[in-house]
Amino acid sequence: MAFVQWCFAQAGRPLPFRTASCSALLGWYRQNRPECVVGDPQPGDIIIYTFSHTGIVESVQGGVITAIEGNTSAGNDANGGQVQRRTRGRSLVKAYIRPFGEETEDGMNIDKLLEEMTDEQAYRLLVKAQAHAAAL
């Protein structure tokens, strides 16, 4: 969760509730902004897994979600110390959070941001995110 919080802060859109707990963030949204807990994920949504882990949705294809996750590794879903693109089935998902609701024209559009980002910028962001995750 610290990685997800960090990513949104780096994008200039800090989450309205700061926590390192997946369940605390989900509980806050259910209580304070229930319209942000959605059933159909989109890129940029926060994904909360059933095993107290989280990431940011990159893509959705049928029953499979691809997310960017911090503090993970190929063989370890918790405390893995890496930032990775992970693909998982929907059966492992507890909830999706669209942190700022439906975005307006001046809101953050993750697809547009990624399209405008050069390969060098994307690489620098990934390196910075990995270093941040390793320091946690």
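Residues numbered from 1 in each chain as written. Predicted model: local features only at pLDDT ≥ 70, side-chain atom pairs only at ≥ 80, totals over all residues. Heavy atoms only, no water.

**A look at the packing of aromatic side chains**
Enumeration according to the criterion identifies five aromatic pairs in this entry. Centre to centre, the rings of Phe3 and Trp6 are 6.4 Å apart; their planes meet at 25 degrees, and the pair counts as stacked. Of this pair, Phe3 and Trp6 both sit in helix α1 (residues 2-10), three residues apart, which is roughly one turn of that helix. Consider the rings of Trp28 and Tyr29, whose centres lie 5.0 Å apart with planes at 85 degrees: the pair is edge-to-face. (Phe/Tyr/Trp six-rings, centres within 6.5 Å; stacked < 30°, edge-to-face > 60°. Helix = DSSP H or I, 4+ residues; strand = E, 2+ residues; numbered from the N terminus.)

**Here's the deal with the pairing of strand β4 (residues 64-72)**
Looking along a regular strand, one sees the side chains alternate between the two faces of the sheet. Across five bridges, strand β3 (residues 54-61) lies against β4 in antiparallel orientation. Residue pairing across strands places Gln61 opposite Val64, the latter belonging to β4. With antiparallel pairing between neighbouring strands as the criterion, β3 and β4 make up a hairpin whose turn holds two residues, including Gly62 at a positive phi of roughly 60 degrees. With seven bridges joining them, β4 and strand β5 (residues 82-89) adopt antiparallel strand pairing. In the strand pairing of β5, Ile65 is matched with Arg88. (Pairing = 2+ DSSP bridges.)

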